[in-house]
Amino acid sequence: SSLATVLNHGNSSSLICIKDDSVQLLPIKFKKGVFVVSVSLNKSSTKAFLDALRLSKPGDEIHVIYVKSYLEREDSDYTAQVRLKYEGFFESFRDPGQAV
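To start, this report covers the structure provided alongside it. Computed from a predicted model, the values in this text were never measured in an experiment.

Each value, and the rule that gives it
- Position labels on residues start from 1 in each chain and follow its written sequence.
- Residue-level local features of this predicted model are given only where pLDDT is at least 70; pairs of side-chain atoms are given and counted only at 80 or more, and the full residue set underlies all totals for whole chains, interfaces and linings.
- Computation of side-chain values: all heavy atoms of the structure, hydrogens and water removed.
- Buried residues of nine kinds, namely Ala, Val, Leu, Ile, Met, Phe, Trp, Tyr and Cys, make up a nonpolar core once their side-chain atoms join them within 4.5 Å.
- Buried means the residue's accessible area, taken with a 1.4 Å probe over protein chains only, is under 20% of the maximum for its type, while exposed means over 50%, and partly exposed covers the values in between.
- Put simply, DSSP marks the helices as runs of H or I at least four residues long and the strands as runs of E at least two long, and each gets a number from the N terminus on.
- Contact definition: two residues touch when any of their heavy atoms are within 4.5 Å.
- By the criterion applied in these results, polar contacts are pairs of N or O atoms within 3.5 Å in which, for protein atoms, one can donate a hydrogen and the other can accept it, and in which residues neighboring in sequence qualify only through two side-chain atoms.
- Think of it this way: a Phe, Tyr or Trp ring, Trp meaning its six-membered ring, pairs with another when their centres are within 6.5 Å, and the plane angle makes it stacked under 30 degrees, edge-to-face over 60, tilted otherwise.

## Some details on the nonpolar core
Judged by nonpolar contacts, Phe35, Val37, Val39, Phe49, Ala52, Leu55, Val82 and Tyr86 together constitute the single largest core of eight residues. Those elements giving two or more residues to this core turn out to be β1 (34-38), α2 (43-55) and α3 (77-93). Beyond its immediate chain neighbours, meaning those up to four positions away, tyrosine 86 contacts Val39, Ser40, Ser45, Thr46, Phe49 and Val64.

This is how it looks when you write it as structure tokens:
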């Protein structure tokens, strides 16, 4: 498919949204994947993060991004809750012999 050609042979960054639950159908097997996930406290961002984990393979990168309000000089309660939530995820993945 055209998508497989772009991902496997292209020398550019690609942002591709695919609605498919089968990892085997996605053409991301041969190149390093870089996932960027915008997070918050809603279910959609949690699912996006978990989907990135599910679709990733060893050697891939997952970047978790949270953008706080430009008016927020100090962390709000919401920002603190987001940080706590994802720190909990990251801590649960930690292997003493490997960096996360």
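The structure having been displayed, the exposition proceeds.
## Brief notes about the side chain of serine 45
Inspection of the secondary structure assignment puts serine 45 in helix α2. Look at serine 45 and you get buried, because its relative accessible area is 6%. In contact with serine 45, not counting residues within four places along its chain, are Val37, Ser38, Val39, Ser40 and Tyr86.

## Describing the side chain of threonine 79
Here threonine 79 lies in helix α3. A polar side-chain atom of threonine 79 sits 3.1 Å from a polar atom in the side chain of tyrosine 66. Reaching out from threonine 79, the side chain makes a polar contact with the side chain of glutamate 72 at a distance of 2.7 Å. The residues contacting threonine 79, other than those within four sequence positions of it, are Tyr66, Lys68 and Glu72.

## Re the packing of aromatic side chains
Tallying each qualifying case throughout the model produces seven aromatic pairs. Seen from their ring centres, phenylalanine 49 and phenylalanine 89 are 5.1 Å apart, and the 50° between their planes marks the pair as tilted. Pair noted here: phenylalanine 49 is in helix α2 and phenylalanine 89 is in helix α3, with a separation of 40 residues, a long-range link. Arranged with centres 6.4 Å apart and planes meeting at 15°, the rings of phenylalanine 89 and phenylalanine 93 form a pair that is stacked. Of the two residues, phenylalanine 89 and phenylalanine 93 are both situated in helix α3; the distance of four residues between them amounts to about one turn of the helix. For phenylalanine 93, a relative accessible area of 37% puts it in the partly exposed group. An aromatic cluster of at least three residues, connected via ring pairs, comprises Phe49, Tyr86, Phe89, Phe90 and Phe93.

## Re the environment of proline 58
You can see proline 58 is positioned in the loop between α2 and β2 (61-65). Once the C-alpha coordinates of proline 58 and glycine 33 are considered, the two residues, 25 residues apart in sequence, prove to be 9.4 Å apart.

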